[in-house]
Amino acid sequence: MTRSTPTTTRQIQIGRLRIDGVSADQAYVWKSENADVDRDACYILAIPTSGCMTLTQCGETKVVRAGEYVLLGQRGSTALSAAAGLRLLMLHIPATELRGRLVSVEDHVGGRFCANERMTCLLVDLVKGIAELFADRAPPNPQALATEIVSFVALTLGAEDRGAAIDVRNTRYQLRRRIFDFIEKHLGDQNLSPRKIAESSRISMSYLYSLFNDDETTVGQFVQVKRLQRAYELLVADPKGHRTVAEVAYEVGFKNVSHFSRSFSRHFSIAPRDVRQVGADPAATPAKARKPAASRYGTTYWEADRLQETA
């Protein structure tokens, strides 16, 4: 038997997101070992459009059928087995984008919770529709569209039914949600501090820090990423520049415009003044704009391990 790999039939860039169309004409097993998680790490939302696949990650196995989705992470080894005829869309989302929008993202990896059926239908149709509509042309405002896609992915994952998860973990989850909501409402407060956040939920500073360790970040880093994401959204939604970069910086809680510009450029690999240009004209993307991170789940990093016998 000959070894071969699944075929990436197309790649569609939507701002800072990428959608890969993958097909497997024979049955395979793909394996990925534990990856180093860095600032360019991605989560992958895998959506079969025909056929089905079996995911094994973190010791759990789940069958994902056409019309469903599963979130893939990069912690621990992962295996995907697919029957012949699988067609798959893989939405690559920068890890910081989801971590700044969803509490305990890692809990949703591997399809641990029951998906909300109606939200799933909307999400699947959205990704499929975007992949079809923009297969051969760029959207008029790709960065703004990318923001809306990530927001809807986070909304759908957040609607999953956690069921009878361990009480202690659920209690911790609910506390994290309250803290995230508090931060979201007070991003514009330039004096927002870990102490203020801890006092809002009547917990100790040390317990607050431990809650953020769950996502391998700190309180300060999380607040800054949230502020940068909010600034990004405000800038791409204002292509005509009704507000200056300085006004946006102050609105999201930065005290110093130079610090904001440096942090923004380092985080998104594009200067805040250039975001409007990218949003308004897809052909005007600056040379230093972020390139999509190399995928650890497409044909590049997935290796065909063995051909499966089919009936």
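Going along each chain's sequence as written, the residues are numbered from 1 onward. In keeping with the model being predicted, local features are shown solely for residues with a pLDDT of at least 70 and side-chain atom pairs are shown and tallied solely at 80 or more, while totals for entire chains, interfaces and linings include all residues. By convention in this description, side-chain values take in all heavy atoms of the structure and omit both hydrogens and water.

S.K.: Break down the overall build of the chain for me, citing the residues and quoting the values.
M.R.: Helix and strand definitions here come from DSSP, where helices need a minimum of 4 consecutive H or I residues and strands a minimum of 2 consecutive E residues; each element is numbered from the N-terminal end. Tallying secondary structure elements over the chain gives 10 helices and 10 strands in all. Taking all 311 residues of the chain together, the buried fraction comes to 48%. To be clear on the numbers: accessible area is Shrake-Rupley with a 1.4 Å probe, and residue cover counts the displayed protein chains and nothing else. For the chain, the accessible surface area stands at approximately 15200 Å², while carbon and sulfur atoms represent 49% of it. Using a 1.4 Å probe on the protein chains alone, a residue whose accessible area is under 20% of its type maximum counts as buried, one over 50% counts as exposed, and one in between counts as partly exposed.

S.K.: So, the packing of aromatic side chains: which residues are in play, and what are the values?
M.R.: Stacked, tilted and edge-to-face are the three classes applied to pairs of Phe, Tyr and Trp rings, where Trp contributes its six-membered ring and a pair requires centres within 6.5 Å; stacked means planes under 30 degrees apart, edge-to-face means over 60, and tilted covers the rest. Counted according to the given criterion, the structure contains 8 aromatic pairs. Relative to Phe264, the ring of Tyr232 has its centre 5.8 Å away and its plane inclined at 20°; by these criteria the two rings are stacked. With a gap of 32 residues between them, Tyr232 in helix α7 (residues 219-236) and Phe264 in helix α9 (residues 257-268) connect regions that are remote in the sequence. As far as the burial class goes, Tyr232 and Phe264 line up, both buried. Charge-over-ring placement is defined geometrically: NZ (Lys) or CZ (Arg) within 6 Å of the ring centre, and within 35 degrees of the ring normal. For Arg16, the ring lying beneath its charged end belongs to Tyr232, and the centroid distance is 4.3 Å.

S.K.: Tell me about the packing of helix α2 (residues 117-133) against helix α3 (residues 142-158), and please be specific about residues and values.
M.R.: Convention adopted: a line fitted to C-alpha atoms gives each axis, helices being fitted over their contacting stretch, and angles between N-to-C directions are expressed from 0 to 180 degrees. Interaxial distance between α2 and α3 falls to 10 Å at its minimum, and their mutual angle equals 155°. Accordingly, the angle class assigned to the pair α2 and α3 is roughly antiparallel. The handedness of the crossing between α2 and α3 is left-handed. Within the contact between the two elements, α2 uses Met119, Thr120, Leu122, Leu123, Leu126 and Ile130 and α3 uses Leu145, Ile149, Phe152, Val153, Leu155 and Thr156. Per-class residue counts for the contact of α2 with α3 are 10 nonpolar, 2 polar and no charged. Roughly parallel here means an angle under 35 degrees, roughly antiparallel means over 145, roughly perpendicular means 65 to 115, and every remaining angle is called oblique. Helix crossings get a hand from a simple test, with the near helix turned counterclockwise from the far one by less than a right angle marking a left-handed crossing and a clockwise turn marking a right-handed one. Here, residues are in contact when the closest pair of their heavy atoms is within 4.5 Å. The classification used treats Ala, Val, Leu, Ile, Met, Phe, Trp, Tyr, Cys and Pro as nonpolar, Asp, Glu, Lys and Arg as charged, and all other residues, Gly among them, as polar.

S.K.: Explain the layout of surface pockets to me, and be specific about the residues and the numbers.
M.R.: Definitions used for this entry: grid spacing 1 Å over protein atoms alone; cavity, a set of points where a 1.4 Å probe fits but cannot get out; pocket, an open set with protein on both sides within 12 Å along at least 5 of 7 lines; lining residue, one with an atom within 4 Å of a point. Grid points are joined across faces, edges and corners, and a volume is the space filled by probe spheres set on the points. Roughly 480 Å³ of internal volume is contained in the second largest pocket. Around the second largest pocket sit 18 residues that line it, and Arg101, Leu102, Asp181, Glu184 and Lys226 are the ones nearest its centre. When contributions to the lining of the second largest pocket are tallied by element, the ones reaching two or more residues are α3, α4 (167-185) and α7. The element contributing the most residues to the lining of the second largest pocket is α4, with 5 residues.

S.K.: Account for the pattern of salt bridges, naming residues and giving values.
M.R.: What makes a salt bridge here is a side-chain nitrogen of Lys or Arg within 4 Å of a carboxyl oxygen of Asp or Glu, nothing more. Applying the stated criterion across every chain yields a total of 9 salt bridges. As a salt-bridge pair, Arg112 and Asp107 come within 4.0 Å of each other at their nearest N and O atoms. Taking the relative accessible area as the measure of exposure, Asp107 reaches 5% and is therefore buried. Note that Arg243 and Glu251 form a salt bridge whose closest N and O atoms lie 2.6 Å from each other. By relative accessible area, which is 28% here, Arg243 ends up partly exposed.

S.K.: Which residues make up the pairing of strand β2 (residues 17-24), and what values do they have?
M.R.: In terms of residue burial, β2 counts as a mostly covered element, since 8 of its 8 residues are buried. Across the two faces of β2 the burial is the same, with Leu17, Ile19, Gly21 and Ser23 and Arg18, Asp20, Val22 and Ala24 all buried. Note: β2 against strand β9 (residues 86-94), 7 bridges, orientation antiparallel. In the sheet register, Val22 faces β9, and the bridge partner there is Leu88. When DSSP finds two or more bridges between two strands, those strands count as paired.

S.K.: Account for unusual backbone geometry, naming residues and giving values.
M.R.: For Arg202, which is not a glycine, the phi torsion comes out positive at approximately 55°. Structurally, the position occupied by Arg202 is in the loop between α5 (194-200) and α6 (205-213).

S.K.: Account for α3, naming residues and giving values.
M.R.: Expected span of a helix: the number of residues minus one, times 1.5 Å. Between its first and last C-alpha atoms α3 spans 24 Å; for 17 residues at 1.5 Å apiece the expected length is 24 Å, and the two agree. The buried count for α3 comes to 12 of 17 residues, which makes it a mostly enclosed element. Those residues of α3 that sit buried are Pro142, Gln143, Ala144, Ala146, Thr147, Ile149, Val150, Phe152, Val153, Ala154, Thr156 and Leu157.

S.K.: If you had to explain the packing of α7 against α9 to someone new, which residues and values would you point to?
M.R.: Interhelical geometry of α7 versus α9 gives an angle of 90° and a closest axis separation of 10 Å. For the element pair α7 / α9, the angle class is roughly perpendicular. On α9, the residues that touch Gln224, Val225, Leu228, Gln229, Ala231, Tyr232 and Leu235 of α7 are His259, Phe260, Ser263, Phe264, His267 and Phe268. Each residue belonging to the contact of α7 with α9 can be placed in one class, and the counts come to 8 nonpolar, 5 polar and no charged.

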